[in-house]
Amino acid sequence: MRLHSNPASPFGRKVMVAAHELGLADRITVDDHLLSPVEPSEAVIADNPLGKLPTMVLDNGHALYDSRVICEYLDHLAGGGRLYPQAGDARWRALTLQALGDGMMEAALLARYETFLRPEELRWQAWIEHQKLKVQRGLDWLEQNVDQLAEEADIGSITIACALGYLDFRFGADKWREGHARLADWFARFESRPSMQATLPRQL
Ligand code: BEZ
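Quick caveat, the model's predicted, so the values are computed rather than measured.

What follows concerns unusual backbone geometry. Here Leu 53 and Pro 54 are connected by a cis peptide whose omega angle stands at -5°. Topologically, Pro 54 is positioned in the loop between helix H2 (42-47) and strand S3 (55-57). Residues Tyr 65 and Asp 66 are joined by a peptide bond in cis, for which omega reads 0°. Considering the arrangement of structural elements, one finds Asp 66 in the loop between strand S4 (63-64) and helix H3 (67-77). Of note in this structure, Lys 175 is not a glycine but carries a positive phi near 50°. With respect to the helices, strands and loops of the structure, Lys 175 is situated in the loop between helix H6 (155-170) and helix H7 (181-191).

Here you go:
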């Protein structure tokens, strides 16, 4: 399997953390791409008309995207039910945490594009603040509901951990741990997992 990704992408990291947890990482060849929303990669577009990372190309040539589909495929490949609780509250909780973590990553990325990519005179401050507020509300909710986060890896805990890792990587100055001590303790434990250590974000 081939994965179009970028070592800074939290969504790409999510896929690779899942792969490590499932013992599948060494079956994936990662192709790193330097791209932006306004400078897409033709190689990625050839496999995904949206041109987005991560995109996974299977050995039969079929392409899977986005990270939700890829992670579910990997879980299926590993026998199923490993990262996705099969029934009851645990399932809906993990899937909802995945949605929360994906949303926080999306908002953080939009804020990053607006500050880093957009020419200074065109920046829209209210937009940046709106995206950062989404992240803030997510952090506040997680602090109040930290008991919902699994100590083991499931799709919810993996996604939230990748969102927090991205905040450390790109928004360290915002000091998300302040006011979120219980969440910070959870993340310290989760981040020590080999799957997280093997996928630390870096600039391409
Ligand atoms: C980043 O540099 O923060 C980044 C790069 C690719 C995808 C997502 C984020």
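Its volume calculated, the largest pocket comes out at about 850 Å³. Every residue lining the largest pocket is counted, 34 residues in all, and those nearest its centre are Ser 9, Leu 35, Leu 53, Leu 109 and Tyr 113. For the lining of the largest pocket, the element with the most residues is helix H4 (residues 88-117), which contributes eight residues. Classifying every residue of the lining of the largest pocket by side-chain character gives 18 nonpolar, eight polar and eight charged.

What follows is about the domain arrangement of the chain. The domain architecture assigned to the chain consists of domain 1 (2-77) and domain 2 (88-193). Here domain 1 and domain 2 have C-alpha centroids that lie 20 Å from each other. The interface of domain 1 with domain 2 comprises 13 residues on the first partner and 18 residues on the second. For the pair domain 1 and domain 2, the summed buried surface comes to about 1300 Å²; carbon and sulfur atoms form 69% of the total. Of all residues in domain 1, Pro 10, Phe 11 and Lys 14 bury the most surface against domain 2, accounting for 38% of the area lost on that side. Joining domain 1 to domain 2, the criterion identifies three salt bridges. Of the charged contacts in the structure, one is a salt bridge between Arg 68 and Asp 102, with a shortest N-O distance of 2.9 Å.

Its 20 residues give helix H5 (residues 125-144) an end-to-end C-alpha distance of 29 Å, which sits within 8% of 28 Å, the value for a rise of 1.5 Å per residue. Listed in full, the buried residues belonging to H5 are Ile 128, Gln 131, Val 135, Gly 138, Leu 139, Leu 142 and Glu 143. Along the long axis of H5, the arc covered by the buried residues comes to 140°, so they all point the same way. Tucked into the core, H5 has its buried residues touching H4, H6 and H7.

Further remarks concern the sheet that holds S3. Strand order across the open sheet formed by four strands is S2-S1-S3-S4, with mixed pairing between neighbours. Bordering the open sheet on either side are strand S2 (29-32) and S4, each of which pairs with just one other strand. By the bridge criterion, two bridges tie S3 to S4 in an arrangement that is antiparallel. Residue pairing across strands places Met 56 opposite Leu 64, the latter belonging to S4.

Let's shift gears to the site of the ligand. Taken together, Asn 6, Ala 8, Ser 9, Leu 109, Arg 112, Tyr 166 and Arg 170 make up the full set of residues adjacent to the ligand. A distance of 2.5 Å is found between an oxygen atom of the ligand and a side-chain nitrogen or oxygen belonging to Tyr 166. Side-chain polar atom of Arg 170 to an oxygen atom of the ligand: 2.7 Å apart, as the coordinates give it. Here the ligand loses 86% of its free accessible area of 260 Å² to cover by the protein chains. More than half of the atoms of the ligand fall within 2 Å of the grid points belonging to the largest pocket. Residues of the shell around the ligand, tallied by class, amount to three nonpolar, two polar and two charged. Looking at the shell around the ligand, you find at least three residues from each of domain 1 (2-77) and domain 2 (88-193).

About the cut-offs
Residues numbered from 1 in each chain as written. Predicted model: local features only at pLDDT ≥ 70, side-chain atom pairs only at ≥ 80, totals over all residues. Heavy atoms only, no water. Helix = DSSP H or I, 4+ residues; strand = E, 2+ residues; numbered from the N terminus. 1 Å grid on protein atoms, 1.4 Å probe; cavity = no way out; pocket = protein on both sides within 12 Å on 5 of 7 lines; lining within 4 Å. Points joined across faces, edges and corners; volume = space filled by probe spheres on them. Nonpolar A, V, L, I, M, F, W, Y, C, P; charged D, E, K, R; others polar. Domains from an automatic or database assignment. Contact = heavy atoms within 4.5 Å. Buried area = accessible area lost by both parts, 1.4 Å probe. Salt bridge = Lys/Arg side-chain N within 4 Å of Asp/Glu carboxyl O. Expected span 1.5 Å × (residues − 1). Buried < 20%, exposed > 50% of the residue type's maximum accessible area, 1.4 Å probe, protein only. Arc of directions from axis to C-beta. Pairing = 2+ DSSP bridges. Near = heavy atom within 4 Å. Polar contact = N/O pair within 3.5 Å; in protein donor to acceptor, adjacent residues only side chain to side chain. Areas by Shrake-Rupley, 256 points an atom, 1.4 Å probe, with all protein chains shown as cover. Sits in = over half its atoms within 2 Å of the grid points.

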